[in-house]
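Coordinate analysis (summary)
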Amino acid sequence: MSNLGPSPDSPALSRQAPREVPAWLRGLYAGLCLYLFLAALNVLGAGLGTFGSDSDLLTRAFAYGENPFIALMAGVLVTMVVQSSSFTSALIVTLVASGEMTLGTAVFAIMGANIGTAVTGVIVALANVRIKRNFRRSFTAAMMHDFFNILTVLIVFPIEWLTSLFHEGGRGLFTRLAGWLAELIGLEEVAKPSSPIKVITAPIVDAANWLGAALMPSVAAAGLLVAGLGLALMFAALVFMVQNLRGALLRHMDGLFRTYFFRTDARAYGVGVVSTVLVQSSSITSSLMVPLAGAGVVRLRRVLPFMMGANLGTTVTSVLAATANPIAAAMTVALFHVIFNLTGTAIWWPLRVIPLRIATWYGRLAGQKIRYAFLFLIGVFLVVPLVGITATELFMSLR
């Protein structure tokens, strides 16, 4: 009886299928991509921060803060530039301490810092634009962070502003609550902890800063070059990270994330708080969540609680930093930041289906037509500021 199968020397067996890359090697590769991604965020922030400081953009942004909406948008702008709400909070505290900004104005800038820190997530989501399904999920995750902050501002801003109009000191309801808590806490000095992420990524940041200083004629130009290098590195790291997550590593991470870290909304919220306290940057933790959600590692319904927790986690660093400044206004601003995020959580936690559905709806639109992603940025950072500033100026002129 003849053997119908191929002989051992046949070409069919000689062309073996490529072996799958071992999980440990994929994990090592993922760790490298993660390191480069975190380094890129810090390089981007360092470059933009250098440009902003040298051009006096950061302080001039708050020069017209008597209008609360201008103060709000200045907080958005500065946080977008430096990619750190903690830095913006420290700058606001410094301006308050020097008498260049009133406490009533500072609290509106703090609200803007919350919105500005969510912009990084949108930029990260755009790196997935070539893969339609990944981009839809990534952009939806970024929108959850944005809409949570925007919806909270839509509630807190008018309450704070209107109540400040009827207070002789110009302090709104939430500012008065923060001031009262600051008096209870006191001002014992606590050293501000150093960020472990900044420590481990310092070599790459220092190398980028050295390169910018060596190639460019001015400090501001060097800052722009460093920011460009950071942006390019971030996109490259994200592309490789997403490609790796789509492979065998996804199957291993999927079970760990779904069954442990993000099993419930409450656990996702706790992970957001703890992880942000550890790395001291909500921009990093929220931006890292975007590609994970895009690759399907984290369910979209768990992203919103995580983002809420990340927002609260970043305020812990602000409170610790404020205790090192022996000025009551510093603690008041930091506690206002805490109260703002706790208020947002208290409102939207039981109603989280609302921001979830809005983000999902808009993410689906952007997934179908990319122009909706850019329309969102134009609307939030151009149309809304113009309308808001005009409306508040008109209202204040009629008083």
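Residues numbered from 1 in each chain as written. Predicted model: local features only at pLDDT ≥ 70, side-chain atom pairs only at ≥ 80, totals over all residues. Heavy atoms only, no water.

**Observations regarding the overall build of the chain**
Within the chain, the secondary structure is distributed over 18 helices and zero strands. The buried share among the 399 residues of the chain stands at 51%. Long-range contacts, defined here as pairs at least 24 residues apart, represent 79% of the contacts in the chain between residues at least 6 apart. For the chain, the accessible surface area stands at approximately 18,800 Å², while carbon and sulfur atoms represent 67% of it. (Helix = DSSP H or I, 4+ residues; strand = E, 2+ residues; numbered from the N terminus. Buried < 20%, exposed > 50% of the residue type's maximum accessible area, 1.4 Å probe, protein only. Contact = heavy atoms within 4.5 Å. Areas by Shrake-Rupley, 256 points an atom, 1.4 Å probe, with all protein chains shown as cover.)

**Structural notes on the UniProt feature "transmembrane region" (unreviewed entry) in the chain**
Feature annotation in UniProt assigns "transmembrane region" (unreviewed entry) to the following positions: residues 28-48, 69-97, 103-126, 147-167, 219-242, 327-351 and 372-396. Taken end to end, residues 103-126 is 92% helix and 0% strand, and its two terminal C-alpha atoms sit 37 Å from one another. What you have in residues 147-167 is 90% helix and 0% strand, and the ends, taken at the C-alpha atoms, are 30 Å apart. (UniProt positions renumbered as here; feature names shortened; annotations may be inferred.)

**Details of the nonpolar core**
Core analysis: the biggest nonpolar cluster contains 73 residues, and Met111, Phe139, Met143, Phe157, Val303 and Phe336 have the highest contact counts within it. The dominant element in this core, judged by the number of residues it contributes, is helix H8 (residues 132-165), at 14 residues. If near-sequence neighbours (up to four positions away) are discounted, Val303 is found in contact with Ala141, Met144, Met289, Ala293 and Val298. (Core = buried A, V, L, I, M, F, W, Y, C linked by side-chain atoms within 4.5 Å.)

**Thoughts on helix H16 (residues 328-348)**
Under the 1.5 Å per step criterion, the end-to-end length of H16 is 30 Å for 21 residues, consistent within 8% with the ideal 30 Å. Counting buried residues along H16, 17 of its 21 residues qualify, which places the element largely inside the surrounding structure. (Expected span 1.5 Å × (residues − 1).)

**Focus: H8**
Compared with an ideal rise of 1.5 Å per residue, which puts 34 residues at 50 Å, H8 spans 48 Å between its outermost C-alpha atoms and is within 8% of the ideal. Most of H8 is tucked away, with 24 of its 34 residues classed as buried.

**A word on the pattern of salt bridges**
Across all of its chains, the model carries two salt bridges by this definition. One salt bridge connects Asp265 with Arg352, and the closest N-O pair in it is separated by 2.9 Å. Note that Asp265 is positioned in helix H13 (residues 265-279) and Arg352 in the loop between H16 and helix H17 (353-368), a separation of 87 residues in sequence. With a relative accessible area of 12%, Asp265 lands in the buried category. By sharing partners, the salt bridges in this structure join Asp265, Arg302 and Arg352 into a single network. (Salt bridge = Lys/Arg side-chain N within 4 Å of Asp/Glu carboxyl O.)

**Topic: the packing of helix H9 (residues 173-185) against H16**
Here H9 crosses H16 at 120°, and the two axes come no closer than 8 Å. Looking at the two axes, H9 sits oblique to H16. Along this stretch, H9 crosses H16, giving a crossing that reads as right-handed. Note on element contacts: H16 touches H9 through Ala328, Met331, Thr332, Leu335, Phe336, Ile339 and Thr343, opposite Phe174, Thr175, Leu177, Ala178, Gly179, Leu181, Ala182 and Ile185. (Axes fitted to C-alpha atoms, helices over the stretch in contact; angles between N-to-C directions. Parallel < 35°, antiparallel > 145°, perpendicular 65-115°, else oblique. Left-handed = near helix turned anticlockwise from the far one by under 90°.)

**Focus: the environment of Ile150**
With respect to the element layout, Ile150 can be found in helix H8. A C-alpha to C-alpha distance of 9.2 Å links Ile150 and Gly112, two positions 38 residues apart in sequence. Excluding residues that lie within four positions of it along the chain, Ile150 makes contacts with Ile115, Phe376 and Val380.

**Structural notes on the packing of aromatic side chains**
One pass over the full model with this rule turns up eleven aromatic pairs. Summarising the aromatic geometry, the rings of Phe147 and Phe376 are spaced 5.8 Å apart at their centres and angled 65° between planes, so their arrangement reads as edge-to-face. Of this pair, Phe147 sits in helix H8 while Phe376 sits in helix H18 (residues 371-398), placing them 229 residues apart in sequence. Accessibility assignment for this pair places Phe147 and Phe376 in one class, buried. (Phe/Tyr/Trp six-rings, centres within 6.5 Å; stacked < 30°, edge-to-face > 60°.)

**A closer look at the side chain of Ser138**
Here Ser138 is to be found in helix H8. In contact with Ser138, not counting residues within four places along its chain, are Ala125, Asn128, Val290, Pro291 and Gly294.

**A closer look at the confidence of the model for the chain**
Residue-level pLDDT values for the chain average 76, and 71% of them are 70 or greater. Per-element confidence in the chain ranges from a low mean pLDDT of 47 for helix H1 (residues 11-14) to a high of 91 for H17. (pLDDT = per-residue confidence, 0-100.)

**Things to note about the side chain of Arg137**
Along the chain, Arg137 turns up in helix H8. Those residues in contact with Arg137 that sit more than four places away from it in its chain are Ala293, Gly294, Gly296, Val298, Arg299 and Leu300.

**Some words on the packing of helix H6 (residues 103-116) against H8**
Interaxial distance between H6 and H8 falls to 10 Å at its minimum, and their mutual angle equals 175°. Our classification of the angle between H6 and H8 gives roughly antiparallel. Contacts from Val107, Phe108, Met111, Asn114 and Ile115 in H6 reach Asn149, Ile150, Val153, Val156, Phe157, Glu160 and Trp161 in H8.

**Focus on the environment of Leu162**
Structurally, the position occupied by Leu162 is in helix H8. Relative accessible area serves as the criterion here: at 39%, Leu162 is assigned to the partly exposed category. Through-space distance from the C-alpha of Leu162 to that of Gly172 is 7.3 Å; in sequence the pair is ten residues apart.

**Here we look at the environment of Val316**
With respect to the element layout, Val316 can be found in helix H15 (residues 300-323). The class of Val316 is partly exposed, set by a relative accessible area of 34%. The spatial distance from the C-alpha of Val316 to the C-alpha of Thr276 is 9.0 Å, given a sequence separation of 40 residues.

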